[in-house]
Amino acid sequence: MATDLIPRVKGVRDFYPEDWALQKWLGETCIALGAGFGYQEYEGPVMEYMDLYLGKTSEEIVSRQTFTLSGRDERPLVLRPELTPTLARMVAQQEDRLVFPLRWQSYGRFYRYERPQRGRGRSFFQWNIDLLGSDTLHADAEIITIACELFKTLGLSPDQVTVKVNDRQGLECHLIRSFGLRSGQIRPLFAIVDRIDKMPYGKFRVGLAELGLDSEQIDGLVEMLESKDPGFSPRLEQVIRLLERNDVSEYVEPDLKIVRGFDYYTGIVFEAWATHSLRRALFGGGRYDNLTLQVGGRKPVPGVGFAVGDMAITELLKESDLLDHVTSPVADLLVSVFSEDTAEQAASYARLARSRGLAVELGLKPGQRLDRQLKYAHRKGIPFVTIIGPDEVSSKTVLLKNLATGEQTVLPSCNVGKLTELIRRYRQR
């Protein structure tokens, strides 16, 4: 009796070899970029106590997007939706031993109970890169510079992506000082501003009115948000000057609507946006100077960083035809097995070739028709096949066949130097 095929869990992905090759390439590209700026790799646990996120991250993530688990100690657990609270906890636990400033990075898997859609899922990979222990604007500029350098490395131009930068704390002070807002209005106001591109303009105004803003305040706020004038914040102006010095300013523009949805941000914040058909935020980050205290640290450790999810950036790279060079590696050589009588010689030759650094598959069916073994290699994309029949065994040779050209070469079986040279030349084409 046939069994129904069990479906994949909604919102997660299967990674077949070609998909996993892309995932590995993206992770290795990010980590290599961070390493070039002196960032060390670290990793945290995939689950944390719910307490770590309460009051320290986005309320929407905690209340609606976490996957919860039941621990034996009855304290609620969650599969990590982000890494910054974990980073803060790790730093707080070792703050007397660590040497600051820290430059740390990580590439791992995260989970959020979101509505699956293009560029967004319930399980995703994310590159996190953070600089802790420096409260200077040079630290903010370095992190934003790395974000821009990521685009350069991936081949994305300023016409395709923009890094929008704002000063959240400076904007808060400006709204209180110049618009007469109360401090208690700022947090819910930022929550509305953070969703401004996801709601009709009329609904945005209604939301502001419900917070107690009058029509004059609303008009002034809308005009200021659309102006993109960084003049309200000397810090923002200084960061932009530093980015010009770092030769990445072509990717950057001030945008007062960028306030970020996480509650722990305290200063400069930014988001990277795709400007073509994808037209959505790719990733974001900013400064968080109080988070280690919120997770039990004894002293404040200033921090700034960002996180890049793999799904949206991959969609943009596909849309921009920038992934053709990423392929799943296959063996360099298939050592066919002519018969049971030659199986030992075939296995010996495969071991010898592997000892020279070649990736080698060995046939698994002695006596299988040679044309089927050649067809298998062709379908897998394996470029070369060796044939070791009775004649080759007696002459201590192998017959090497190039499947692309059909060319055949007789090589000594005891020396794979010529084989290695031919395959190296093939790789360099």
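To keep things clear, this report deals only with the structure shown in the data block. (Residues numbered from 1 in each chain as written. Predicted model: local features only at pLDDT ≥ 70, side-chain atom pairs only at ≥ 80, totals over all residues. Heavy atoms only, no water.)

What to know about the packing of aromatic side chains
Next, step 1: In this structure the tally under the stated criterion is 13 aromatic pairs.
Next, step 2: Taking 5.4 Å as the distance between ring centres and 75° as the angle between the ring planes, the aromatic pair formed by Phe384 and Tyr426 counts as edge-to-face. With Phe384 in strand 14 (residues 384–387) and Tyr426 in helix 15 (residues 417–427), this residue pair connects regions lying 42 residues apart in the sequence.
Next, step 3: With relative accessibility at 26%, the residue Tyr426 sits in the partly exposed group.
Next, step 4: An aromatic cluster is present here, built from Trp127, Phe151, Tyr251, Phe270, Phe283 and Phe306 joined pairwise through their rings.
Next, step 5: For Arg75, the ring lying beneath its charged end belongs to Tyr49, and the centroid distance is 3.9 Å. (Phe/Tyr/Trp six-rings, centres within 6.5 Å; stacked < 30°, edge-to-face > 60°. Helix = DSSP H or I, 4+ residues; strand = E, 2+ residues; numbered from the N terminus. Buried < 20%, exposed > 50% of the residue type's maximum accessible area, 1.4 Å probe, protein only. Lys NZ or Arg CZ within 6 Å of the ring centre and 35° of its normal.)

Things to note about the sheet that holds strand 4 (residues 76–79)
Next, step 1: The strand order across the open sheet built from three strands is 2-4-3, with neighbouring strands paired in antiparallel fashion. At either end of the open sheet lies a strand with only one pairing partner, and these are strand 2 (47–49) and strand 3 (67–70). Across the sheet, the mean angle from the axis of one strand to that of its neighbour is 40°, orientation sign disregarded. (Pairing = 2+ DSSP bridges. Axes fitted to C-alpha atoms, helices over the stretch in contact; angles between N-to-C directions.)

Structural notes on the pattern of salt bridges
Side chains that carry opposite charge are capable of pairing whenever their charged atoms lie near each other.
Next, step 1: In this structure the tally under the stated criterion is 24 salt bridges.
Next, step 2: Two residues, Glu48 and Arg89, come together in a salt bridge whose shortest N-O distance is 2.8 Å. With Glu48 in strand 2 and Arg89 in helix 3 (residues 84–93), this residue pair connects regions lying 41 residues apart in the sequence.
Next, step 3: Residue classification places Glu48 among the buried residues on the basis of a relative accessible area of 7%.
Next, step 4: Among the salt bridges present, the one from Lys152 reaches Glu149, with a minimum N-O distance of 3.7 Å. Placement of both Lys152 and Glu149 in helix 4 (residues 137–154) is noted, with a separation of three residues, approximately one turn of the helix.
Next, step 5: The class for Lys152 is partly exposed, based on a relative accessible area of 30%.
Next, step 6: Where salt bridges share partners, they join Glu95, Asp96 and Arg298 into one cluster. (Salt bridge = Lys/Arg side-chain N within 4 Å of Asp/Glu carboxyl O.)

Things to note about the side chain of Arg260
Next, step 1: Relative to the helices and strands, Arg260 is located in the loop between strand 8 (252–254) and strand 9 (268–274).
Next, step 2: A distance of 3.1 Å separates the side chain of Arg260 from the side chain of Glu271, its partner in a polar contact.
Next, step 3: Ignoring any residue separated from it by four or fewer positions in sequence, one finds Arg260 in contact with Arg168, Asp194, Tyr265, Val269, Phe270, Glu271, Gly284 and Gly285. (Polar contact = N/O pair within 3.5 Å; in protein donor to acceptor, adjacent residues only side chain to side chain. Contact = heavy atoms within 4.5 Å.)

Observations concerning a positive patch on the surface
Next, step 1: A cluster of like positive charges, contributed by Arg64, Arg195, Lys198 and Lys203, occupies part of the molecular surface.
Next, step 2: With respect to the secondary-structure elements, Arg64 resides in helix 2 (residues 59–64).
Next, step 3: For Arg64, a relative accessible area of 58% puts it in the exposed group. (Patch = residues over 30% accessible without salt bridge, like charges linked within 9 Å, V, L, I, M, F, W, Y side chains within 5 Å. Areas by Shrake-Rupley, 256 points an atom, 1.4 Å probe, with all protein chains shown as cover. Lys, Arg positive; Asp, Glu negative; His and termini not counted. Charge placed at Lys NZ, Arg CZ, Asp CG, Glu CD.)

Let's talk about the sheet that holds strand 14
Next, step 1: Read from one edge of the open sheet, five strands run 13-12-14-15-16, paired in mixed fashion. Since the sheet does not close on itself, it has two edges, and those belong to strand 13 (360–362) and strand 16 (408–412), each with one partner. Going across the sheet, the axis of each strand differs from the next one's by a mean of 25°, ignoring polarity.
Next, step 2: Lying on the sheet, helix 15 is in contact with strand 12 (333–335), strand 14, strand 15 (397–402) and strand 16; it crosses strand 14 at an angle near 160°.

Considerations on unusual backbone geometry
Next, step 1: Phe100 connects to Pro101 through a cis peptide bond whose omega is 0°.
Next, step 2: Within the secondary structure layout, Pro101 lies in the loop between helix 3 and strand 5 (102–111).
Next, step 3: Notably, Lys228 is not glycine yet its phi reads approximately 55°, a positive angle.
Next, step 4: Taking the relative accessible area as the measure of exposure, Lys228 reaches 34% and is therefore partly exposed.
Next, step 5: Look at Asp247: it is not a glycine, yet its phi comes out positive at around 65°.
Next, step 6: Considering the arrangement of structural elements, one finds Asp247 in the loop between helix 9 (234–245) and strand 8.

Observations regarding the environment of Ala272
Next, step 1: Position of Ala272 relative to the elements: it lies in strand 9.
Next, step 2: A residue is classified by how much of its surface remains accessible, and Ala272, at 0% relative accessible area, is buried.
Next, step 3: On a C-alpha basis, the gap between Ala272 and Val161 in space is 6.8 Å, while along the polypeptide they are 111 residues apart.
Next, step 4: Each residue touching Ala272, except ones within four places of it in the same chain, is listed here: Phe151, Thr162, Val163, Arg280, Ala281, Leu282 and Phe283.

Overview of the packing of helix 4 against helix 9
Next, step 1: Closest axis-to-axis distance for the helix 4/helix 9 pair is 9 Å, and the angle between their directions is 50°. Classified by the interaxial angle, the pair formed by helix 4 and helix 9 is oblique. In the crossing of helix 4 with helix 9, the sense of the turn from one axis to the other is right-handed. Counting all contacts with helix 4, which are made through Leu137, His138, Asp140, Ala141, Ile144 and Thr145, the residues of helix 9 involved are Arg235, Gln238, Val239, Leu242, Leu243 and Arg245.
Next, step 2: Here the contact of helix 4 with helix 9 is composed, by residue class, of six nonpolar, three polar and three charged. (Parallel < 35°, antiparallel > 145°, perpendicular 65-115°, else oblique. Left-handed = near helix turned anticlockwise from the far one by under 90°. Nonpolar A, V, L, I, M, F, W, Y, C, P; charged D, E, K, R; others polar.)

Quick word on the state of the cysteines
Next, step 1: All chains considered together, the criterion is met by zero disulfides.
Next, step 2: No disulfide involves Cys30; its nearest neighbouring cysteine sulfur is the one of Cys148, lying 14 Å away.
Next, step 3: The class of Cys30 is buried, set by a relative accessible area of 2%. (Disulfide = S-S within 2.5 Å.)

Regarding the nonpolar core
Here is a general trend for soluble globular proteins: nonpolar side chains tend to be buried in one another's company.
Next, step 1: Residues Trp127, Ile144, Phe151, Leu175, Leu282, Phe283 and Phe306 are the most contacted members of the largest nonpolar core, which totals 72 residues.
Next, step 2: Formed by 23 residues, the second largest nonpolar core is a distinct cluster that contains Ile61, Leu87, Trp104 and Phe110. (Core = buried A, V, L, I, M, F, W, Y, C linked by side-chain atoms within 4.5 Å.)

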